Amino acid sequence: MQIYSENQRRLAKIIAEDATRSNWTDWKWHVRNSIKSIEGVERLLGIQFTGKERAALKNTTEKFPMAITPYYLSLIDPKDYRNDPVFMQAFPSTDELRIESHDMSDPLHEDEDSPVPGLTHRYPDRVLLHVSNTCAMYCRHCTRKRKVGDRDSIPSRDDLRQAIEYIRNTPQVRDVLLSGGDPFLLSDDMLDWLLTEISSIEHVEVVRIGTRTPVVLPYRITDDLVEMLKKHHPLWINTHFNHPAEITASSKQALAKLANAGIPLGNQSVLLAGVNDCPRLIKVLNHKLVRNRVRPYYLYQCDLSEGLTHFRTPIGKGIEILESLRGHTSGFSIPTYVVDAPGGGGKIPLMPNYIISWTANKVVLRNYEGVITTYHEPAHYEPTYCDRECSTCNLQLREADAEEKAIGIESLLADWDDAQSLTPEENERIGRRTDAA
Ligand SMILES: *Cc1c(COP(=O)(O)O)cnc(C)c1O
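Residues numbered from 1 in each chain as written. Predicted model: local features only at pLDDT ≥ 70, side-chain atom pairs only at ≥ 80, totals over all residues. Heavy atoms only, no water.

Trainee: Give me the lowdown on the sheet that holds strand β4 (residues 206-210), citing residues and values where you can.
Mentor: The 9 strands are arranged β1-β2-β3-β4-β5-β6-β7-β8-β9 in an open sheet whose pairing can be described as mixed. Here the strands that pair on one side only, and so sit at the sheet edges, are β1 (119-123) and β9 (346-350). Neighbour-to-neighbour, the strand axes of the sheet open up by a mean angle of 30°, direction not taken into account. Bridge count for strand β2 (residues 126-130) against strand β3 (residues 175-179) is 5 bridges, and the pairing is parallel. Bridge assignment links Arg-126 to a residue of β3, and that residue is Asp-175. Contacts from helix α8 (residues 157-168) reach β1, β2 and β3, with the element oriented near 175° to β2. Most of the contacts of helix α12 (residues 249-260) go to strand β6 (residues 265-270), to which it runs at about 140°, and overall it touches β5 (235-239), β6 and β7 (294-300). (Pairing = 2+ DSSP bridges. Helix = DSSP H or I, 4+ residues; strand = E, 2+ residues; numbered from the N terminus. Axes fitted to C-alpha atoms, helices over the stretch in contact; angles between N-to-C directions. Contact = heavy atoms within 4.5 Å.)

Laid out in structure tokens, this is it:
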């Protein structure tokens, strides 16, 4: 498919009679003309819902608003729209109003783990900064559905200063992840300012941006944007392709611009029932991504956010997909499959089991073909006892700043930490002990 295909020209003319190719490739035109009503979609796709369907859909968009860029809508096949992966990600389903008992509005506790507004500090050395409250397209599977359309505004520099101050005052933060909403809905100037502020903080080593614009609004990746981004290396970008149909001439061009600017690109997919829950489909998607210099980074299990029930697959589906990738295709085409732990525990990686059994000197392993093999542990291995004195260690790590404390399981394994066990906060046995004391 070329950029501004016959179908896209036709849609552009329905939206605005005098629309031109340069309107179509202008990202602001798409934001201005994003489709927000059920009737708008009916008109553009030439489809019709019954009065009852339309009323039910409107109930859904009252709770979870809709916005679709004309570009993203142009990828929908009107002949089979109900099964269309783009339609399913962009157009509301009345199933979104089905809230099950385990569903939560903020399953990842992003708002609770937030020391200042707009910033989530979950992991020791990195923070997530919500720099924009809006997106070009509202993904129906958004984990932050609670916020969509809530305060559809771009935060001011003052709103962001508090978060920047927090980063400045928190020396352990070495990685800052800009998310949103979509950071690329900010203006180039605002992004430039933000990236300059953040990279002026000495302890920040790397900045990442999470954006879906290469998928839903590829024209946002302008030459000017890329020239500006280039000044802020090391800058990493993660995007969000879920289906091979999203890889088009326009999105390829956007990815090429970013990659040519020397920005390492990653992709985060979400496993979605009826959209991409198929091993073969994910393999094709990942092959297309790597051909466009995008490294599959994460495959997410769908979160327990309200309104996503109908998108959820069993975790077994994810394991099945990973089983079909490892060994079967290039290692760099394989994302890490993760469940983002409800309650804010962070990402937990999952994969098939490859260790079959273990003795003191042998490990029995299996490969992707089902071959069962043994690995002999070394007969002589001198472990280096670690007392955290890197200056006297023979491994020659010449870094001044050895981390000071071990966290969680790491503390149980460390020579230099005397933690013996981790106990859940509400442990009855321990509770009885302190009662007796
Ligand atoms: C996903 C996430 C990160 C980044 O995690 P990585 O595994 O480093 O990509 C950081 N903070 C929060 C709150 C996150 O959800």
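The discussion continues.
Trainee: Just give me the short version of the site of the ligand, but keep the residues and values in it.
Mentor: In the vicinity of the ligand, the contacting residues are Thr-120, Arg-122, Tyr-123, Arg-126, Leu-128, Leu-177, Arg-208, Tyr-297, Tyr-298 and Lys-347. The side chain of Tyr-297 places a nitrogen or oxygen atom 2.6 Å from an oxygen atom of the ligand. For the ligand, whose accessible area on its own is 380 Å², the fraction buried by protein is 90%. At the level of secondary structure, the elements contributing two or more residues to the shell around the ligand comprise β1, β2 and β7. For the shell around the ligand, the per-class residue count stands at 5 nonpolar, 1 polar and 4 charged. (Near = heavy atom within 4 Å. Polar contact = N/O pair within 3.5 Å; in protein donor to acceptor, adjacent residues only side chain to side chain. Areas by Shrake-Rupley, 256 points an atom, 1.4 Å probe, with all protein chains shown as cover. Nonpolar A, V, L, I, M, F, W, Y, C, P; charged D, E, K, R; others polar.)

Trainee: Describe the sheet that holds strand β12 (residues 372-376), naming the residues involved and giving the relevant values.
Mentor: One open sheet accounts for 3 strands, arranged β10-β11-β12; its pairing is antiparallel. The two strands at the open ends of the sheet, each matched to only one other strand, are β10 (355-358) and β12. Recorded for the sheet is a direction-independent mean angle of 25° between the axes of neighbouring strands. The sheet contact formed by strand β11 (residues 362-366) and β12 spans 5 bridges and is antiparallel. Opposite Arg-366, over in β12, you have Ile-372 as the bridge partner.

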